[in-house]
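# Coordinate analysis (summary)
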Amino acid sequence: MKTSARLERLPPYLFAELERKIAEKRSAGVDVISLGIGDPDTPTPDVVLDALARAARDPATHRYPSNRGRPELREAVARFYERRFGVALDPAEEIVPALGAKECIFNLNLAFLDAGSVALAADPGYPVYTGGPLLAGGEVELMPLRAELGFAPDLVAIPAEARERARLMYLNYPNNPTGAVAPAGLFEQAVEFGRAHDVLIVHDASYTETTFDGYVAPSFLEAAGAKEVGVEVFSLSKGYNMTGWRTAAIVGNPEAIEAYWRLKTNIDSGMPEALQLAAAAALEEGDEAPRRMSEIYARRRDLVVGALREIGVEVTPPRGSIYVWAPVPEGHDSASYCELVLEESGVVVSPGSSYGRSGEGFFRISLTLPDERLVEAMERMRSSLASG
Ligand SMILES: Cc1ncc(COP(=O)(O)O)c(C=O)c1O
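Notes on the structure follow. The model shown is predicted, which means the values in this text are computed figures rather than measured ones.

## Quick notes on the overall build of the chain
Counting secondary structure elements, the chain contains 14 helices and 13 strands. Here the chain has a C-alpha radius of gyration of 21 Å; the compact-globule value for 388 residues is 21 Å, and the two agree. Each principal axis of the C-alpha atoms in the chain carries an extent, and together these give about 60 × 55 × 50 Å. Looking at the chain as a whole, 56% of its 388 residues qualify as buried. Long-range pairs, those at least 24 residues apart, make up 75% of the contacts in the chain between residues at least 6 apart in sequence. For the chain, the accessible area works out to roughly 16500 Å², and carbon and sulfur atoms hold 53% of it.

## Observations regarding the layout of surface pockets
What the second largest pocket holds in volume is close to 320 Å³. Along its surface, the second largest pocket is lined by 16 residues, and R84, E209, T211, V216 and R291 are the ones closest to its centre. At the level of elements, α4 (71-85) and α12 (288-310) are the ones that each hand at least two residues to the lining of the second largest pocket. Of the residues contributing to the lining of the second largest pocket, the split by class is seven nonpolar, four polar and five charged.

## Considerations on unusual backbone geometry
Here Y173 and P174 are connected by a cis peptide whose omega angle stands at -15°. Tracing the sequence through the fold places P174 in the loop between β6 (166-172) and α8 (186-197). Unlike most non-glycine residues, D198 shows phi in positive territory, near 55°. When you line up the elements, D198 lands in the loop between α8 and β7 (200-205). Although it is not a glycine, R246 sits at a positive phi angle of roughly 60°. Along the polypeptide, R246 turns up in the loop between β8 (230-235) and β9 (248-252). Accessibility expressed as a relative area gives 33% for R246, which makes it partly exposed.

## Considering the pattern of salt bridges
A full pass over the atoms with the stated rule returns 32 salt bridges. The closest approach of N and O atoms between K227 and E94, which form a salt bridge, is 2.9 Å. Here K227 is found in helix α9 (residues 226-229), whereas its partner E94 is found in the loop between α4 and β2 (95-98), with 133 residues between them in sequence. The exposure class assigned to E94 is buried, which follows from its relative accessible area of 11%. Residue E376 pairs with R380 through a salt bridge whose shortest N-O separation is 3.0 Å. Placement of the pair is E376 and R380 together in helix α14 (residues 371-385), with a separation of four residues, close to one helical turn. On the accessibility criterion, E376 (33% relative accessible area) is partly exposed. Among the charged side chains, a salt-bridge network with shared partners connects D31, R373, E376 and R380.

## Quick word on helix α3 (residues 46-56)
Buried within α3 we find V48, A51, L52 and A55. Looking down the long axis of α3, one finds its buried residues gathered within 100° of arc, a one-sided arrangement. For α3, the exposed residues lying more than 90 degrees away from the buried face are D46 and R54. On its buried face, α3 sits against α11 (273-285).

## Notes on the side chain of N67
Its location among the elements puts N67 in the loop between α3 and α4. Overall, N67 belongs to the buried group, its relative accessible area being 8%. Within the structure, the side chain of N67 is placed 3.0 Å from the backbone oxygen of D268, a separation counted as a polar contact. With residues up to four places along the chain from it excluded, the contact list for N67 reads V96, P97, W261, K264, T265, D268, S269 and G270.

## Thoughts on the packing of helix α13 (residues 334-345) against α14
With their axes 9 Å apart at the nearest point, α13 and α14 run at an angle of 95° to one another. On the basis of their axis angle, the class for α13 and α14 is roughly perpendicular. On α14, the residues that touch Y337, L340, V341, E344 and S345 of α13 are R380, M381, S384 and L385.

## A word on the sheet that holds strand β12 (residues 350-351)
In space, the three strands of this open sheet follow the order β10-β13-β12, with antiparallel pairing throughout. Edge positions in the sheet fall to β10 (323-327) and β12, since each of these pairs with one other strand and no more. By the bridge criterion, two bridges tie β12 to strand β13 (residues 362-366) in an arrangement that is antiparallel. In the strand pairing of β13, S350 is matched with R364. Across the face of the sheet, α12 comes into contact with β10 and β13 while running at roughly 15° to β10.

## With respect to the nonpolar core
Among the nonpolar cores identified, the biggest contains 59 residues, and Y81, M169, Y240 and L283 are the most heavily contacted of them. It is α11 that provides the largest number of residues to this core, a total of eight residues. With residues up to four places along the chain from it excluded, the contact list for Y81 reads G86, V87, L89, S219, L221, E232, F234 and V251. Counting 39 residues, the second-largest nonpolar core is a separate cluster that includes Y207, Y297, A298 and V313.

What counts and what doesn't
- Residues numbered from 1 in each chain as written.
- Predicted model: local features only at pLDDT ≥ 70, side-chain atom pairs only at ≥ 80, totals over all residues.
- Heavy atoms only, no water.
- Helix = DSSP H or I, 4+ residues; strand = E, 2+ residues; numbered from the N terminus.
- Rg over C-alpha atoms; globule rule 2.2 N^0.38 Å.
- Buried < 20%, exposed > 50% of the residue type's maximum accessible area, 1.4 Å probe, protein only.
- Contact = heavy atoms within 4.5 Å.
- Areas by Shrake-Rupley, 256 points an atom, 1.4 Å probe, with all protein chains shown as cover.
- 1 Å grid on protein atoms, 1.4 Å probe; cavity = no way out; pocket = protein on both sides within 12 Å on 5 of 7 lines; lining within 4 Å.
- Points joined across faces, edges and corners; volume = space filled by probe spheres on them.
- Nonpolar A, V, L, I, M, F, W, Y, C, P; charged D, E, K, R; others polar.
- Salt bridge = Lys/Arg side-chain N within 4 Å of Asp/Glu carboxyl O.
- Arc of directions from axis to C-beta.
- Polar contact = N/O pair within 3.5 Å; in protein donor to acceptor, adjacent residues only side chain to side chain.
- Axes fitted to C-alpha atoms, helices over the stretch in contact; angles between N-to-C directions.
- Parallel < 35°, antiparallel > 145°, perpendicular 65-115°, else oblique.
- Pairing = 2+ DSSP bridges.
- Core = buried A, V, L, I, M, F, W, Y, C linked by side-chain atoms within 4.5 Å.

In structure tokens form, the structure reads like this:
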């Protein structure tokens with residue numbers, strides 16, 4: 001059987017060895033605790049489930065949806081953006097539903113890249129920013145996130161040659177995996193960059209609703225001129241505990257959204273309509289859910305940061321996202337440390353290097369586990385690793 005050259009372009013899957021070890025441990029009877037994946041552990045809010053149940057019983061939702069989306073959802077997104085960010089969106093042309101941010105980000109690569117063109121991707125970053133362009137036949141230029149710039153990329157440092165060939169730039173704040181929030185002025189700089197080099201800025205807003213300590217995350221579209229050069233991908237997955245429902249929307253620049261829509265009409269048939277109505281209910285009536293979840297994650301963050309400090313791992317408490325990003329102790333690289341943690345304590349943490357080469361030297365802990373399990377995981381790490 002011959003697979004495509006396209007598939008061969010993907011980098012080796014860094015979790016493969018870790019996954020093999022997890023399976024081995026589990027089959028040996030070890031109670032492995034995984035802090036590896038960011039998948040909310042508490043249920044989808046009732047207001048969403050009730051809307052879904054009602055909508056599922058209406059046969060009008062049983063037929064093919066349209067990729068434009070139902071007006072109820074597009075209008076709910078517009079009202080949410082106005083209320084939450086003060087951003088005005090035209091539901092007819094500036095909003096299209098997506099089957100999760102992942103689908104949307106991947107397909108933007110197909111819509112905008114050709115052989116020889118480049119996507120500028122935050123490093124470390126969500127792996128689809130780098131895998132997507134390769135599968136689409138394009139190239140990737142990594143933009144290292146610089147701790148001294150608040151985990152912003154240095155846009156001036158992007159090589160001229162990559163700048164010329166770039167068509168897309170991926171940014172994401174609050175950030176996975178670093179937990180950083182949008183550094184002051186970055187969105188404005190990105191707008192300038194997009195204008196100067198004709199690059200579509202794609203802001204991945206997967207974590208804007210999950211923030212702590214009174215911090216309120218902005219939308220990229222709040223930056224002056226952002227809609228001329230950019231789009232935002234807003235996901236309900238994390239903020240509303242809806243990872244399983246695959247609900248997101250792309251909003252912003254109408255030409256870019258039209259290109260995405262045109263591509264999608266050839267690929268899938270849109271978000272099931274009952275889910276569209278459930279997503280609309282989340283945005284119209286579910287404001288309480290992300291607020292409640294943020295309180296829970298803030299408490300877990302404090303627990304994890306405190307425990308890490310006790311074993312000598314110094315971390316900056318994140319103000320957003322559902323992750324703690326921590327340096328690996330001296331004498332280890334990301335992969336060897338994560339293997340050691342698994343070996344010694346039966347706890348899975350993610351190697352920073354799996355998010356890009358600038359993630360080397362770090363590991364990521366996800367906060368999406370009940371408090372008791374998180375306490376146990378940290379206790380196990382403390383007792384088995386305190387000696388370094
Ligand atoms: C930065 C980022 N973008 C996108 C996604 C995927 O979101 P969705 O569930 O909407 O596809 C994730 C999931 O972990 C993520 O961390």
